Amino acid sequence: QVQLVKSGGGLVQAGGSLRLSCAASGRTFGIYAMGWFRQAPGKEREFVAAITWSGGSTFYADSVKGRFTISRDNAKNTMYLQMNSLKPEDTAVYYCAATQRVQVVLSTSYNYWGQGTQVTVSS
């Protein structure tokens with residue numbers, strides 16, 4: 001089993017920044033990538049960003065490219081999502097997840113999920 005513990009989130013004004021972190025522990029051997037997803041009220045969960053376990057490759061949804069940056073600290077087994085220039089439409093519950101599969105943009109590929117955290121961007 002892999003445990004994912006997330007921190008960060010909260011309320012910020014439009015144009016502001018927040019950082020989310022997600023620490024992985026347990027049987028992390030075999031994880032291919034970690035990712036961030038979000039779900040707004042009344043909407044389906046959507047892909048935000050992902051990074052391979054080695055940190056060598058990153059993937060972003062078009063809606064966050066140029067504003068969000070995903071990174072990881074291999075020594076700490078921790079993944080980060082730096083969110084800049086936040087918009088009200090970024091408001092959602094954010095989840096971190098880990099997958100052993102290569103299709104990193106699909107939520108169905110992910111085996112392990114952390115708890116959600118609310119990010120609210122006020123206009």
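Provided above is the structure to which this section pertains.
Each residue is numbered by its place in its chain's sequence as written, counting from 1. Reporting in this predicted model follows two pLDDT cut-offs: at least 70 for local features of residues, and 80 or more for side-chain atom pairs to be given and counted; totals over whole chains, interfaces and linings ignore these cut-offs and use all residues. Hydrogens and waters are ignored; side-chain quantities use all the structure's heavy atoms.

Examining the overall build of the protein
- Along its length, the protein carries zero helices and 11 strands.
- Walking the protein from its N terminus toward its C terminus, one meets helices and strands in the order β-β-β-β-β-β-β-β-β-β-β.
- Over its C-alpha trace the protein gives a radius of gyration of 13 Å, about what one expects of a compact globule, namely 14 Å for 123 residues.
- Each principal axis of the C-alpha distribution contributes one length, and for the protein these read about 40 × 30 × 25 Å.
- Classification of the 123 residues of the protein by burial places 44% in the buried group. Helix numbering and strand numbering both begin at the N terminus, where a helix is a DSSP run of H or I of at least 4 residues and a strand a DSSP run of E of at least 2. When we talk radius of gyration, it's over C-alpha atoms, and the globule rule is simply 2.2 Å times the number of residues to the 0.38. Burial here depends on accessible area, computed with a 1.4 Å probe over protein chains only, as a share of the maximum for the residue type. Under 20% is buried, over 50% is exposed, and the range in between is partly exposed.

A closer look at the state of the cysteines
- Throughout, a disulfide means two cysteine sulfur atoms within 2.5 Å of one another. If you walk through the whole model with that rule in mind, you get one disulfide.
- The disulfide partner of Cys 22 is Cys 96, and the gap between their sulfur atoms is 2.2 Å. The S-S bond linking Cys 22 to Cys 96 shows a torsion near 55 degrees; that makes this disulfide right-handed. With Cys 22 in strand S3 (residues 18-26) and Cys 96 in strand S9 (residues 92-99), the pair connects residues that are 74 residues apart, well separated along the chain. No difference in accessibility class separates Cys 22 from Cys 96, as the two residues are buried.

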